[in-house]
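The chain contents come next:
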Amino acid sequence: MIQGADRASREPQFMATTPSSTPSPSTWKEALAGQMDSGWESEIDDFESQSVLRSQGKLDEKVFAETRLRRGVYGQRYDNGKRHDGTAERPLAFEDRPTKGPDTLWDAPGMQRIKIPFGGVSPEQLEVLAALSEEYSDGILHVTTRQDFQLHYIHIGDTPDLMRRLAAVDITTREACGNSVRNITACPLAGVCKTEAFDISPYAEAMMRFLLGHPDVQDFGRKFKPAFSGCEHEACGLVQMHDAGYVSRVVDGKRGFKVVVGGGLGPVPHQAKVLSEFTPEEELLPQTQAVARVFARLGEKRNRGRARIKFLVAKIGIEEFRRLVEEERKILPKDERWTEFLKDMPRTGGDAVRDAASLVAGDRQEGFDAWLATNVKPQRQEGYSVVTLNLPLGDITADQTRALVDLARAYCGDNIRTTVEQNIVLRFVSDADLPEVHRRLDAIGLAAPGAETIVDVTSCPGTDTCKLGIAASRGLGAELRQRLAAKSASLPQAVTDLKIKISGCFNSCGQHHVADIGFYGNSRKIEGRTVPHFQVILGGQWTENAGSYGMAVGSVPSKAIPQAVDALTDAYAHGREGAEGFAAWVKRMGKRNVRELIKPFMAVPPYAEGPDFYADWSDVREFTIGDLGVGECAGEVVSLFGIEVVRAESEAFDAQVALDDGDYEAAEDLAFRAMLTAARALVRTEYIDVTEDPDDIVSEFRSRFFDNERFFDRFARGKFGQYLLDRHADPPADAGRDHAAARVEEAQLFIEAAHACEVRVSAELAAGGGVPIENPADA
Amino acid sequence: MNPQRVACKFFVEPDPTAPVELHPCIGLFHRFIQEAVLPGLLIDVADYTHVPEGPGVLLVGHDVDYGLDLGGGRAGLLTTRKRLDGASLTDALRDTLQRGLRAIDAIESDGSTGLCFDPRAVVIQVVDRLAAPNDEGAYAALADEVAPVLAALYGEKVEVARAHAEDSRKCLALRATGQERESAADLANRLTGGEGSG
Ligand code: HEM
Ligand code: SF4
């Protein structure tokens, strides 16, 4: 969608999808030579050369993994060559070739993430994306929770051509993953919204261009996600949950931004803090550059679990952070690009292709009114509307995409955007055209009503394709969508207006923290079998830019979630007072009472009575977490410890919630469990087969890390480790508030100490000392 | 023509446009993996039943994907041969058709999905816009090149027509229709070893 004057010369040719020059080029590289940004072109060539080197075993696997992740080329589930087929774990017999990263087989299918800054995408770009989905993937374009597209089941060998074809239409995958600046998201209504101060899209676009590949954003310990919002009180860009957020403001007739930093989801969600109430527009880029430098310099590097900017801001405090940014700003060498874009503001919105006109009575297809009520929003520009396509789980086929392109060309031109709710919006649709647009969308299966309502469930990839997935978030999402759509006509409005968001694990890629009803996948052992569950998170706030997070109320088996949703929504519909919102209702009810509502669904029947509970949605295999892999959520591969310790953090978080809620016994117990999980994670770096029995964990922890003082630090010595040993030796008979509060505090300190210990131990190992990992399988 | 991908789709009968219940195919495809029912490396099952006229249920393999596909509003088994890396179109197509027919035979013999297919007609797609743009010239070359394979499959009286001509952005495609009703297994056997390819 990028149509700035500087890019006019690179306007996509139809060549990009269908080469027809003579003599016929035999490669995409030849076919598209000169049609790509020259910098991007040579980067892709380099990436291709590195792939070749790696495939010949001439480049280190970790170096190559880092390179490919920076280009958005991710691993996918089962790419370690193992898969549980429901009867046993079996090897996937790929050819024996050099890996594409640690434990990541060359030929195993992977995922390609494609960055779409502020969600803006043009018809030409969509045509290319559709073609790529057919030629390299499975014919599906998937819209992510950060306005990107993803293609799944991609072979690494196809990625350079895929990138070239994208580059020829001005799309890059660079820094779609890795410890760098990820996609810059923005409210999809920017430019047409009634409540915005001004259109933030050109600023988001300028920032993306400025930061892409910038030397100051290459040395982060972890990813950095910016978001733009046009106003403060709607959901808009969800800036409060972002590493950096920008809210447009006009002060004394001057444009600028309220800037927040240090928000983020993940297992431990943080709300962003205000860095500046008003940053004038010409300071937007230099200030962000200064933030990047401070983050790169002081952010945690070794301990991935602590490396997001949220931990830095929490650690040093926002005042100190602000001071450092101001200091840094003073010494930044001047860069013309800081203000250049203001003179020649990038054009980010296309022109309307139809005249504004009112919707008049007339011939309308069945379903039009319901669709109009939920999927169409009037724009600030009189006579135009925004039409939302309620994509099921963010998926759209290549055929649908091409038909959508034709429709867009006729009715809205370039004005297409993806949304964080995994939808697509068409902007500048003339009101008079709405019946015809509805008819044409309906003909291609894209007129499902209920956009942004309870039926429009958001979900991360989960166990379908994600290596870290614990439960089938998409399977559950599809099931809920189908059930809720079937009864949508009879749902009270208050229920219709709720949002459901699902993540396959605690990492929260599905943004469950900011939904009315959120879920994240976990599992429970029942009679020796593992049963997929979802933790229920209630009362997150979507408006106020994701202004507060939901509260965990308990885990329900996956197969009972639909009933739990019914129970919750019924109770809310009948119990709300006046116009009380869901979050307020949850708060008033209190955790204990809400938990009572889902309690009847928490039990798991014995296998013989309910075998269905032991398989996940959209799957028939008996459930296992044996397929959990090592995730690639950033520039480097996450260690086993990294994965396991976040589980401890998540338990500590739940403990805090329980404490706040007055459930002291649960808080005390969860806090103890969090320490055990962290201790086990540490033990497993050396002894992979340690059981989950607390006695074993504590005994292994004591002999491997405590008695020899490896857990000790210079100041606190063994104090934090002692917390676990004491609690294990002497459980409280009856946990009151003080006990529980102390335990929650101890758990946090213990987890910090475990992190620090792991860093020391891995440094020792790297230096050649340390204890080798004991794995009987290797013995 | 040396495309990277070719695909063929055989449609369900009696009416490929009637709604089909695809959920039983999830279990079926997992069983195909467990029991190695189809040749080659099979990896996983993807459920796209929530997508209107989408890929339905997909059995993802290393070299070949099998999908109980709803594309174009017509249910059928779409078999996609991937990363052909220089294989000739005729060899690739012969292999793809044969795999598709064997998969149909396996699905019908299993019986649990209740799906039946009409092997008398097939749509062949060349899923590679560089090697095969969707235009008249490429279609003529395609029809010429695959004629021996189609003759081997359906005999000399096979009818061949261009498909997807209405939209040059779609993949180059043709539809072949045979005269006689024969079983999928018999048709698959005819493609073995290139007999009858003259
Ligand atoms: C420890 C590893 C990971 C962590 C902590 C993590 C965390 C997150 C968080 C917090 C979000 C975003 C919500 C937001 O800020 O808007 C997100 C986005 C996302 N994550 Fe993850 N994630 C991890 C690994 C993965 C993996 C392995 C996958 C699957 C391949 C994945 C798929 C996604 C997707 C599809 C999105 C939306 C993304 C986008 O377009 O940028 N994540 N992740
Ligand atoms: S939330 Fe978990 S399962 Fe879902 S995509 Fe993120 S890491 Fe994967």
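Just so it is clear, the structure is predicted and the values come from calculations on it, not from any experiment.

A. Up close: the overall build of chain A. Summing up its helical and strand segments, chain A has 23 helices and 22 strands in all. The globule rule puts the C-alpha radius of gyration for 779 residues at 28 Å, and the 26 Å found for chain A is close to it. Its C-alpha atoms give chain A principal-axis dimensions of about 75 × 65 × 60 Å. Taking all contacts inside chain A whose residues are at least 6 apart in sequence as the whole, residues at least 24 apart take part in 70%. Here chain A has roughly 28,500 Å² of accessible surface; of this, 50% comes from carbon and sulfur atoms.

B. Highlighting the overall build of chain B. Of regular secondary structure, chain B possesses four helices and eight strands. Reading chain B from its N end, one meets helices and strands in the order β-α-β-β-β-β-α-β-α-β-β-α. In terms of overall dimensions, chain B is globule-like: its C-alpha atoms have a radius of gyration of 16 Å, near the 16 Å expected for 198 residues. C-alpha extents for chain B along the principal axes are approximately 40 × 35 × 35 Å. Expressed as a percentage of its 198 residues, the buried residues of chain B come to 58%. In chain B, once contacts between residues fewer than 6 apart in sequence are set aside, the share between residues at least 24 apart is 68%. Between the mean site of the 19 positive side-chain charges and the mean site of the 30 negative ones, chain B shows a separation of 2 Å.

C. Expanded view of helix α17 (residues 561-575) of chain A. Compared with an ideal rise of 1.5 Å per residue, which puts 15 residues at 21 Å, α17(A) spans 21 Å between its outermost C-alpha atoms and is within 8% of the ideal. Inspection of α17(A) places Ile561(A), Pro562(A), Ala564(A), Val565(A), Ala567(A), Leu568(A), Thr569(A) and Tyr572(A) among the buried residues, and these make up the whole buried set.

D. Broad picture of the domain arrangement of chain A. Taken as a whole, chain A is organised into domain 1 (26-115 + 148-167) and domain 2 (200-343). Between the C-alpha centres of domain 1 of chain A and domain 2 of chain A the distance comes to 31 Å.

E. A look at the interface of chain B and chain A. Counting residues at the interface gives 34 residues for chain B, matched by 50 residues for chain A. Both sides together, the interface formed by chain B and chain A hides about 3,400 Å², and carbon and sulfur atoms give 57% of it. Counting across the interface, chain B meets chain A through five salt bridges. There are 16 residue pairs in polar contact (both at pLDDT 80 or more) connecting chain B and chain A. Of all the secondary-structure elements, those providing two or more residues to the side of chain B that touches chain A are α1 (23-34), β2 (42-48) and β3 (56-61) of chain B. Considering each element in turn, the side of chain B that touches chain A owes the most residues, six residues, to β2(B). Split by residue class, the side of chain B that touches chain A holds 16 nonpolar, eight polar and ten charged.

F. The environment of Ser133(A), seen in detail. Residue and element names in this part refer to chain A. Mapped onto the elements, Ser-133 comes out in helix α4 (residues 123-136). Counting along the chain gives 17 residues from Ser-133 to Gln-150, while the straight-line C-alpha distance between them is 9.3 Å. Here Ser-133 is in contact with Asp-138, Gly-139, Ile-140, Leu-141, Leu-151 and Ala-398, once residues within four sequence places are set aside.

G. Expanded view of the pattern of salt bridges. Inspection of the entire model under this criterion finds 80 salt bridges over all chains. The salt bridge involving Arg209(A) is made with Glu205(A); its shortest N-O contact spans 3.5 Å. Taken together, the residues span about one helical turn, with Arg209(A) and Glu205(A) both in helix α6 (residues 201-211) at a distance of four residues. Its relative accessible area of 22% is what places Arg209(A) among the partly exposed residues. Its salt-bridge partner being Asp669(A), residue Arg673(A) comes within 3.2 Å of it at the nearest N-O pair. Taken together, the residues Arg673(A) and Asp669(A), both in helix α20 (residues 664-684) and four residues apart, mark about one turn of the helix. One salt-bridge network, held together by shared partners, links Glu124(A), Glu127(A), Asp406(A), Arg409(A), Asp167(B) and Arg169(B).

H. Region of interest: the coordination of the iron atom of ligand 1. Only one protein atom coordinates the iron atom of ligand 1: Cys509(A) (SG), located 2.2 Å from the metal. One can find Cys509(A) in the loop between β19 (500-503) and β20 (517-526).

I. Molecular detail of the confidence of the model for chain A. All names here are of chain A. In this model, chain A carries a mean pLDDT of 90, and residues with pLDDT of at least 70 account for 94%. Across residues 1-21, where pLDDT falls below 50, the model places 63 contacts with residues more than four positions away in sequence or in other chains. For residues 769-779, every residue scores under 50 in pLDDT, and the model assigns this stretch 15 contacts once sequence neighbours within four places are set aside.

J. Structural detail: α4(A). For α4(A), which comprises 14 residues, the first-to-last C-alpha distance of 20 Å matches the rise-based estimate of 20 Å (1.5 Å per residue) to within 8%. Among the 14 residues of α4(A), 13 are classified as buried, and the element is accordingly described as predominantly covered.

K. Geometry of the packing of aromatic side chains. Evaluated as defined, the whole model comprises 26 aromatic pairs over all chains. Between Tyr203(A) and Phe341(A), the aromatic rings sit 5.9 Å apart at their centres with planes inclined by 90 degrees, giving edge-to-face as the arrangement. Remark: Phe341(A) occurs in helix α10 (residues 337-343) and Tyr203(A) occurs in helix α6; sequence separation between them is 138 residues. Seen in terms of ring centroids, Phe220(A) and Phe224(A) are 5.7 Å apart; in terms of plane orientation they differ by 50 degrees. Their pairing is tilted. By the burial criterion, Phe220(A) is buried, and Phe224(A) matches it. Cluster of aromatic residues (ring-pair linked, three or more members): Phe198(A), Tyr203(A), Phe228(A), Tyr246(A), Phe257(A) and Phe341(A). Taking NZ or CZ as reference, Arg727(A) lies 4.1 Å from the ring centre of Phe672(A), over its face. Its end group placed over the ring of Phe11(B), Arg74(B) keeps NZ or CZ at 4.5 Å from the ring centre.

L. Spatial organisation of the site of ligand 2. Taken together, the neighbourhood of ligand 2 is formed by Cys460(A), Pro461(A), Gly462(A), Cys466(A), Leu468(A), Gly469(A), Ser503(A), Gly504(A), Cys505(A), Asn507(A), Ser508(A) and Cys509(A). Per-class residue counts for the shell around ligand 2 are six nonpolar, six polar and no charged.

M. Geometry of the nonpolar core. Leu129(A), Phe149(A), Trp371(A), Val387(A), Leu389(A), Leu426(A) and Leu441(A) are the most contacted members of the largest nonpolar core, which has 57 residues in total. Residue contacts for Phe149(A): discarding those within four places in its chain leaves Gln112(A), Arg113(A), Ile114(A), Ile116(A), Val121(A), Leu126(A), Leu129(A), Leu141(A), His142(A), Val143(A), Thr144(A) and Thr418(A). Core analysis: the next-biggest nonpolar cluster, separate from the first, contains 55 residues, Ile33(B), Leu115(B), Tyr139(B) and Ala184(B) among them.

N. Broad picture of the environment of Glu61(A). Residue and element names in this part refer to chain A. Residue placement: Glu-61 occurs in helix α3 (residues 61-70). The spatial distance from the C-alpha of Glu-61 to the C-alpha of Gln-289 is 31 Å, given a sequence separation of 228 residues. The residues contacting Glu-61, other than those within four sequence positions of it, are Arg-54, Thr-99, Lys-100, Gly-101, Pro-102 and Asp-103.

O. Region of interest: the sheet that holds strand β11 (residues 254-261) of chain A. Residue and element names in this part refer to chain A. Ordered in space as β8-β9-β10-β11-β12, the five strands form an open sheet in which the pairing is mixed. Because the sheet does not close on itself, it has two edges, and the strands there are β8 (185-186) and β12 (273-280). Those strands touched by helix α7 (residues 284-298) are β9 (226-229), β10 (244-251), β11 and β12, and its axis lies near 150 degrees from that of β12.

P. Examining unusual backbone geometry more closely. The omega torsion across Glu13(B) and Pro14(B) is 10 degrees, close enough to zero to call that bond cis. Structurally, the position occupied by Pro14(B) is in the loop between β1 (6-13) and α1. One non-glycine residue, Gln147(A), lies in positive phi territory at about 65 degrees. By the secondary structure assignment, Gln147(A) is in the loop between β6 (140-143) and β7 (149-154). Take Gln147(A): its relative accessible area is 0%, and that puts it in the buried class. Even without being a glycine, Ala546(A) presents a positive backbone phi close to 65 degrees. One can find Ala546(A) in helix α16 (residues 543-546).

Calculation criteria
Residues numbered from 1 in each chain as written. Chains lettered and ligands numbered in written order. Predicted model: local features only at pLDDT ≥ 70, side-chain atom pairs only at ≥ 80, totals over all residues. Heavy atoms only, no water. Helix = DSSP H or I, 4+ residues; strand = E, 2+ residues; numbered from the N terminus. Rg over C-alpha atoms; globule rule 2.2 N^0.38 Å. Contact = heavy atoms within 4.5 Å. Areas by Shrake-Rupley, 256 points an atom, 1.4 Å probe, with all protein chains shown as cover. Buried < 20%, exposed > 50% of the residue type's maximum accessible area, 1.4 Å probe, protein only. Lys, Arg positive; Asp, Glu negative; His and termini not counted. Charge placed at Lys NZ, Arg CZ, Asp CG, Glu CD. Expected span 1.5 Å × (residues − 1). Domains from an automatic or database assignment. Buried area = accessible area lost by both parts, 1.4 Å probe. Salt bridge = Lys/Arg side-chain N within 4 Å of Asp/Glu carboxyl O. Polar contact = N/O pair within 3.5 Å; in protein donor to acceptor, adjacent residues only side chain to side chain. Nonpolar A, V, L, I, M, F, W, Y, C, P; charged D, E, K, R; others polar. Donors = N, O, S within 2.8 Å, 3.2 Å for Na, K, Ca; no water. pLDDT = per-residue confidence, 0-100. Phe/Tyr/Trp six-rings, centres within 6.5 Å; stacked < 30°, edge-to-face > 60°. Lys NZ or Arg CZ within 6 Å of the ring centre and 35° of its normal. Near = heavy atom within 4 Å. Core = buried A, V, L, I, M, F, W, Y, C linked by side-chain atoms within 4.5 Å. Pairing = 2+ DSSP bridges. Axes fitted to C-alpha atoms, helices over the stretch in contact; angles between N-to-C directions.

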